[in-house]
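One letter stands for each residue in the lines below.
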Amino acid sequence: MERTKAEAVIEAVLFTMGESVEITRLADVIEEDVKTTKEILKGMKERYEQEDRGIALTQFDNAVQLCTKAEMYEYLIKIAKAPRKMTLTDTVLETLSIIAYKQPVTRIEIERVRGVSCDHAINKLLEYDLITELGRLDAPGRPLLFGTTEQFLRCFGVKSLEELPELNPVQMEEFKQQAEAEVQLQLDI
């Protein structure tokens, strides 16, 4: 397929899907190999940036998505309803951190790290599409396994889990002490 036509097809697919599409699937659609498809995507991304367009190509692991540039947000809210804001309490953020760093992880494992029930936090994270159910652990009771979503990557401005900052042992100890203090507060009440 001619390059201009391949770009048009990719753009149409990404626009229509409205979510990320695996590069291998795009390669199949334009009947090219993955390497050539990545080169085409790179060229498209550079052109969107050079031409100061309102859209951009964003890559997540092995998928790409057509997105609105962040600097266009102020104009979008003038025409659309203001997006619903997520409120992430400390408890919800702690739960999300545990899932992000230990995934796939069960509810029991999360509660073991936090020291308290995390039902509310997990439900909020599922509602906000920051985590998803990845399946079930092959163990008694077949507990659900949780992991982060592409929405998580978008919200926190990272392209893959490898970009998450490393936790140092001092931070881990502080988190553990905070969780233990929270448990003690709940027991005292």
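Keep in mind that this is a model prediction, so the values were computed, not measured.

Enquirer: Explain the pattern of salt bridges to me, using residue names and the numbers behind them.
Expert: Scanning all chains against the criterion turns up eight salt bridges. Here glutamate 51 ties to arginine 47 by a salt bridge, and the two come within 3.9 Å at their closest N and O atoms. Given a relative accessible area of 42%, glutamate 51 falls into the partly exposed group. Taking the shortest distance from any N to any O, the salt bridge between glutamate 150 and arginine 154 comes out at 3.3 Å. Of the two residues, glutamate 150 and arginine 154 are both situated in helix α8 (residues 150-155); the distance of four residues between them amounts to about one turn of the helix. A single network of salt bridges, built from pairs that share partners, joins Glu7, Arg47, Glu51 and Arg53.

Enquirer: Requested: an account of the packing of helix α2 (residues 23-30) against helix α3 (residues 34-50), with residues and values cited.
Expert: Interhelical geometry of α2 versus α3 gives an angle of 100° and a closest axis separation of 9 Å. One element, α2, and the other, α3, form an angle in the roughly perpendicular class. Taken together, the residues of α3 that come into contact with α2 (itself represented by Ile23, Thr24, Leu26, Ala27 and Ile30) are Val34, Thr37, Lys38, Ile40 and Leu41. The residue inventory of the contact of α2 with α3, partitioned by class, reads seven nonpolar, two polar and one charged.

Enquirer: Which residues make up the nonpolar core, and what values do they have?
Expert: Residues Ile99, Ile110, Leu125, Ile131 and Phe152 are the most contacted members of the largest nonpolar core, which totals 20 residues. Elements that contribute at least two residues to this core include exactly α5 (90-102), α7 (119-127) and α8. Ranked by residues supplied to this core, first place goes to α5 with five residues. Other than its neighbours up to four places away in sequence, isoleucine 99 contacts Val105, Ile110, Leu125, Ile131, Phe146, Gly147 and Thr148.

Quick notes on the rules
Residues numbered from 1 in each chain as written. Predicted model: local features only at pLDDT ≥ 70, side-chain atom pairs only at ≥ 80, totals over all residues. Heavy atoms only, no water. Salt bridge = Lys/Arg side-chain N within 4 Å of Asp/Glu carboxyl O. Buried < 20%, exposed > 50% of the residue type's maximum accessible area, 1.4 Å probe, protein only. Helix = DSSP H or I, 4+ residues; strand = E, 2+ residues; numbered from the N terminus. Axes fitted to C-alpha atoms, helices over the stretch in contact; angles between N-to-C directions. Parallel < 35°, antiparallel > 145°, perpendicular 65-115°, else oblique. Contact = heavy atoms within 4.5 Å. Nonpolar A, V, L, I, M, F, W, Y, C, P; charged D, E, K, R; others polar. Core = buried A, V, L, I, M, F, W, Y, C linked by side-chain atoms within 4.5 Å.

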